[in-house]
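What follows is the residue order along each chain.
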Amino acid sequence: MYRRSFLVLLLFAACFCGGPAFARPERQMIERSPGWADSDRDAPLGSLFSLRHHGGFRFRSGLYWRGDLGTRGTSGIPSSPLESRVNEGFEGGWADSQLLAGANIRLRYQPEMLIGERIRVHAIIDALDNLVMGSTPAFGPRADALFMRPAAGGQAPPTSGINSFKDSVHVKALWGELLLFDAITIRLGRIPDQWGLGILRNAGLGVDDDFGAAVDRAEFMGSYAGYHLGFSWDFFYSGVTSASRAQPLGQPYGYTTADTIGQWIVFLESRPRRIEELRAREHDLFERRRPVFDWGVMSVFRTQETTSERQDRNAPLEDACLLGPDSMLDIAFDCIRLAHRDAFLWYPDIWARLLWAPRPGHLLQIEIELAMAYGHVSSSELLRRADTSKDILQGGGVLRAQYHIGPTEMGLEFGFATGDDTGGVFGIQDGSEVVDVESPSAQSFQVRNRRLTNFKFARAYTIDYLLYREVIGAVTNSWYLKPWAQHTFYSKGDLSLGVRLDLLFARAFVAAGTPGQSLNLGFEADVTGFLRLAESFDARLIVATLVPFNGLDNADLGLAAAPSVSVQARLFWNF
């Protein structure tokens, strides 16, 4: 068995070390955004109506050794059930409490319906999104007790509330687009939310993304000579509605506008969006050898006067009204309780990018995004049992620089997100902005903390495979430095083979905002081998190693964080 494994590894290494190097065509060096903003208006329509198909299928599997860091609570990767109190002393069968394993799949379908030359309808539909292979057995949750039956085996479709938390298919986005006078673009519907590098607004449309945002929006944009001025009105949150399980048909309405979260966005940018602009960009870059510069400025304004998101548990109609904090469907009229909020938030953001191809086969790309959150909330506790007003001042940013030299690419990335004292609750578990006055922990830091300075990147913005992506969950309360290098060893026709190395160091800004009460977070090294077949197939094998530092210790339990290793395989079919 070991000899066979050695031969497989030897064959894999030979694939990466043999064959001629190549220089990628220059026009393929520019990364095309996966978002909806880059249009190709010269696509042949052929008839009044046509349908274009886009999408992809992905398969991902992984082994995580000590993903919980051995700290019982400071990592977003959970501990094994063997670590729970009820399983103390369990000795049945083979078991490794430090090893987690699994695989998942997803099909994403992105149809584009073209009606004439000026109207388009887009959709993003996910099937079996991140479905854990082996889940939803056909015999239900007791399938493990039926493994000896002749008919045992197979899976049933996931159905929300029956054998899964979500359905087999769900529509992530759906919107219409209208072009007027070749200068005005109108978009209406649930639209992927993307801007710049994606640290603030990230649609998560990459093939390896798990998160992302789509916003109900009406957007208007005017374009002239490569400049784009836009305004959008977002239906960010409508509050309680008249939707009812008893009346599933018909048109529901929002009961009131008092609990609505309103959001407005204004932006101005200079960047190529249409095919003729992209062609002019490539002419300046690769024929005239001139540096080109893109930029954009944006402001997001968000307000809410009152809220109806949670009901008073001590109300006279408690038994009839209490549906849980996450349920806003089919709520009785007499159970709607409004609470004072008086919230205002302003998110300014600037983005810029420099591209320069000084000679054939070379390309320099420098990109930066800076974002800030400023505002106030008069009452973050819903029932006004205490003064929980908050002032908000947060900021974050990213600077990327990378250089292509034929088959070799190298780069450096620096990013930061301001921090706060969150009582040791870190990352995706950070609860500093959610106040429950009856909670003892809330009395210790959530209520008295009057100034929220903890900025979080959008979760779809990923830079690694363990530290930020899984353990912390997002870039927050820290700065990081990541050098990386990639080389394509072999190319023949559409087939290419290569390897990439990423190194990451992270350190916190506020020690009191980390579970270990220390600034140093960790060091991660990721080695990725890849095989690509044009743009239709991408295979990756990743070995990620995380060495956590004191900031990820569990200071409450006195547990030191231990190193973690992950081996992951990813396969992507694109069309």
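Residues numbered from 1 in each chain as written. Predicted model: local features only at pLDDT ≥ 70, side-chain atom pairs only at ≥ 80, totals over all residues. Heavy atoms only, no water.

K.L.:
Break down helix H2 (residues 275-286) for me, with residues and values.
P.N.:
Taking 1.5 Å as the rise per residue, H2 with twelve residues should run 16 Å; its terminal C-alpha atoms sit 16 Å apart, in good agreement. The set of residues buried in H2 consists of Ile275, Glu277, Leu278, Arg281, Glu282, Leu285 and Phe286. Looking straight down H2, one finds its buried side chains confined to an arc of 155°; they lie on one side. (Helix = DSSP H or I, 4+ residues; strand = E, 2+ residues; numbered from the N terminus. Expected span 1.5 Å × (residues − 1). Buried < 20%, exposed > 50% of the residue type's maximum accessible area, 1.4 Å probe, protein only. Arc of directions from axis to C-beta.)

K.L.:
I'd like a rundown of the pairing of strand S9 (residues 227-237), residues and numbers included.
P.N.:
As paired elements, strand S8 (residues 214-224) and S9 share eight bridges and run antiparallel to each other. Within the sheet, the bridge partner assigned to phenylalanine 220 lies in S9 and is phenylalanine 231. Between S8 and S9, which pair antiparallel in sequence order, lie two residues; one of them, alanine 225, sits at a positive phi of approximately 55°. Looking at chain direction, S9 and strand S10 (residues 261-270) are connected through ten bridges and run antiparallel. Within S10, the position partnered with serine 232 by the bridge is isoleucine 265. (Pairing = 2+ DSSP bridges.)

K.L.:
Run through the side chain of aspartate 464, naming residues and quoting values.
P.N.:
Looking at the element boundaries, aspartate 464 is found in the loop between strand S16 (451-452) and helix H5 (467-472). Buried charge without a partner: aspartate 464 forms no salt bridge, and the closest opposite charge is arginine 469, 6.6 Å away. Engagement of the side chain of aspartate 464 in a polar contact is seen with the backbone nitrogen of arginine 469, the distance being 3.0 Å. Here aspartate 464 is in contact with Arg469, Leu504, Glu524 and Asp526, once residues within four sequence places are set aside. (Lys, Arg positive; Asp, Glu negative; His and termini not counted. Salt bridge = Lys/Arg side-chain N within 4 Å of Asp/Glu carboxyl O. Polar contact = N/O pair within 3.5 Å; in protein donor to acceptor, adjacent residues only side chain to side chain. Contact = heavy atoms within 4.5 Å.)

K.L.:
Can you tell me about the nonpolar core, naming the residues and giving the values?
P.N.:
Among the nonpolar cores identified, the biggest contains 44 residues, and Phe457, Tyr461, Leu467, Tyr468, Tyr480, Leu521 and Leu552 are the most heavily contacted of them. Of all elements in the fold, only S10, strand S11 (292-307), strand S12 (339-356), strand S13 (362-377), strand S14 (390-405), H5, strand S18 (495-508) and strand S20 (537-548) reach the threshold of two or more residues within this core. In this view, phenylalanine 457 contacts Ile199, Gly396, Gly397, Val398, Phe416, Ala417, Ala474, Val475 and Tyr480; residues no more than four positions away in its chain are not counted. (Core = buried A, V, L, I, M, F, W, Y, C linked by side-chain atoms within 4.5 Å.)

K.L.:
Describe the side chain of arginine 60, with residues and values.
P.N.:
Note that arginine 60 resides in strand S2 (residues 55-65). At a separation of 2.9 Å, a polar atom in the side chain of arginine 60 contacts the side chain of asparagine 130.

K.L.:
Please provide a residue-by-residue account of empty space enclosed by the protein, values included.
P.N.:
Applying the stated criterion to the full structure yields four cavities of 30 Å³ or more. In this structure, the largest cavity occupies an estimated 100 Å³ of space. Along the wall of the largest cavity there are 15 residues; nearest its centre are Phe211, Arg459, Tyr461, Thr462 and Arg469. Residues of the lining of the largest cavity, tallied by class, amount to seven nonpolar, two polar and six charged. (1 Å grid on protein atoms, 1.4 Å probe; cavity = no way out; pocket = protein on both sides within 12 Å on 5 of 7 lines; lining within 4 Å. Points joined across faces, edges and corners; volume = space filled by probe spheres on them. Nonpolar A, V, L, I, M, F, W, Y, C, P; charged D, E, K, R; others polar.)

K.L.:
Lay out the pairing of strand S5 (residues 119-132) with the relevant residues and their values.
P.N.:
Within a regular beta strand, the side chains point alternately toward one face of the sheet and then the other, so they alternate between its two faces. Examined bridge by bridge, strand S3 (residues 99-109) and S5 share five bridges and lie antiparallel to one another. Paired with leucine 107 across the bridge in S5 is alanine 127. Alignment of strand S4 (residues 112-115) against S5, held across four bridges, turns out to be antiparallel. Bridge pairing in S5 links glutamate 112 to histidine 122. Where S4 hands over to S5, the hairpin turn is made up of three residues, of which glycine 116 adopts a positive phi near 65°. Of the strand pairs in this sheet, S5 and strand S6 (residues 169-180) are connected by nine bridges, and their pairing is antiparallel. Looking across to S6, one finds that arginine 120 is bridged to glutamate 177.

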